[in-house]
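Each chain, written out:
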Amino acid sequence: MLSLSAQEESTKLTAESVPNTGVEYRLFVGLDIEVGQGEDYALIDGYVNNRVHTDGSDKLVSLRNVDDVRFTHKTKLSRNPLTIANLHAEQISANVHAARDALRNLQALEAFRDEQLETLQDTLRSSMVDNESTNDAPGSASILPADDVPAGGATDNAAINDFRNMTDNLTNNSTFTDELIGNKDAGTAMLITAEISAPNRIDDAYIVGTASISTNESPEEQVIFFSRVGKIDNKPRRVRIVKQGMPGEFKVRDVKMHVYRNGQELVSDQSDKQYALTRDQVHEYLALERVSRNKGKSLDPEPAWELAPATLYGAAKAQNFDYPLTVHVDAQGKVTAIDANEFATSEVVDIVMDLPFFPGLVDGEAIAMTTHVNLASFFR
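What counts and what doesn't
Residues numbered from 1 in each chain as written. Predicted model: local features only at pLDDT ≥ 70, side-chain atom pairs only at ≥ 80, totals over all residues. Heavy atoms only, no water. Pairing = 2+ DSSP bridges. Helix = DSSP H or I, 4+ residues; strand = E, 2+ residues; numbered from the N terminus. Axes fitted to C-alpha atoms, helices over the stretch in contact; angles between N-to-C directions. Buried < 20%, exposed > 50% of the residue type's maximum accessible area, 1.4 Å probe, protein only.

Participant: Before we go on, may I ask you to explain the sheet that holds strand E21 (residues 369-373) in this structure?
Facilitator: Taken in spatial order, the three strands of this open sheet run E17-E16-E21, and their pairing is antiparallel. At either margin of the open sheet sits one strand with a lone partner, and together these are strand E17 (335-338) and E21. Strand-to-strand twist in this sheet, taken as the mean axis angle between neighbours without regard to direction, amounts to 35 degrees. When strand E16 (residues 325-329) meets E17, the two strands line up antiparallel, connected through three bridges. Looking at E17, one finds that Val327 is bridged to Ile338.

And the structure:
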């Protein structure tokens, strides 16, 4: 089980709470997740197939090679709150789940085998028809005997037989049946289910969750789990996550689910200490945050990527947004203009004008300044 430590940062809620109905922007307390790398920790900013991106390396880090994960509570900004409904966690049998997964994978492999065999057989039939048409055509030099295989037919038949033999071995279920279903000591797992929806499409989303459990040996332990979600939209999407390697007996005390895209946490109706903000309050908060964390420093303006418009969060690829631009940002972090001699699509212009910035600083004071931005950086 991954070990966890939590360090709660003091929450600075400088903006007044306003009614939540119809408000797009939110201030909330979320989680920053870090993995141990040597003596240091690196912030996770992406998750793919049980591997994570970190801000300390360009390479993917397998969670199997990580034995220390910690989370820090942090005040964050986001927009367009998600809905997480019917969140539930319970203990299940690990070997039953493993068997179900193996059966599901087996069925998928069998379907793939049948599809490929059908394609190869169609190719063989097409080859035979083409050859028969050629041989029957006027002026044909020769006609094949009826029991001969058309050109390429022998090769196709061999390919079909080779493919069938290979997949027959792969789809033999005797091995996993004995190992998974017959294994009485496989232990227990935790099943987490929920339904997630969003007012706008979110592409390539992933989940980081925490669960508090109790065992016979410990009144409270923290468990962390990861899962890729993919696309989220206004149609509730049911997620089912299994955390393996759990104690023999445990009870779930509490479970929380956090949704991310590119390392940016998305606010939901389950987020802690949540405040609704107006657009002006967002810019005021960004300016105060920038100045308070960088006393006496001089810095260029930077995009507040966590507040990127919905179009970016719903896009899968960076190529449609790859336009380097020079923008003018005022002391509140608002984009006031884009240099006219630079080309970009109208969609990119609209997004940049809507994107809040942390303002530029000179000797710790927020001032109006120009900077460079490329929306493709959001996808990093």
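Next comes the rest of the description.
Participant: Honestly, unusual backbone geometry in this entry has me stumped. Any pointers?
Facilitator: With glycine set apart, most residues show a phi of negative sign, and most peptide bonds adopt trans. Despite not being glycine, Asn86 has its phi angle at roughly 55 degrees, a positive value. The residue Asn86 is located in strand E7 (residues 83-93) in this model. Since its relative accessible area comes to 54%, Asn86 is described here as exposed. Unlike most non-glycine residues, Asp204 shows phi in positive territory, near 60 degrees. Relative to the helices and strands, Asp204 is located in strand E9 (residues 202-214).

Without other data, these values stay purely geometric and don't point to any function.
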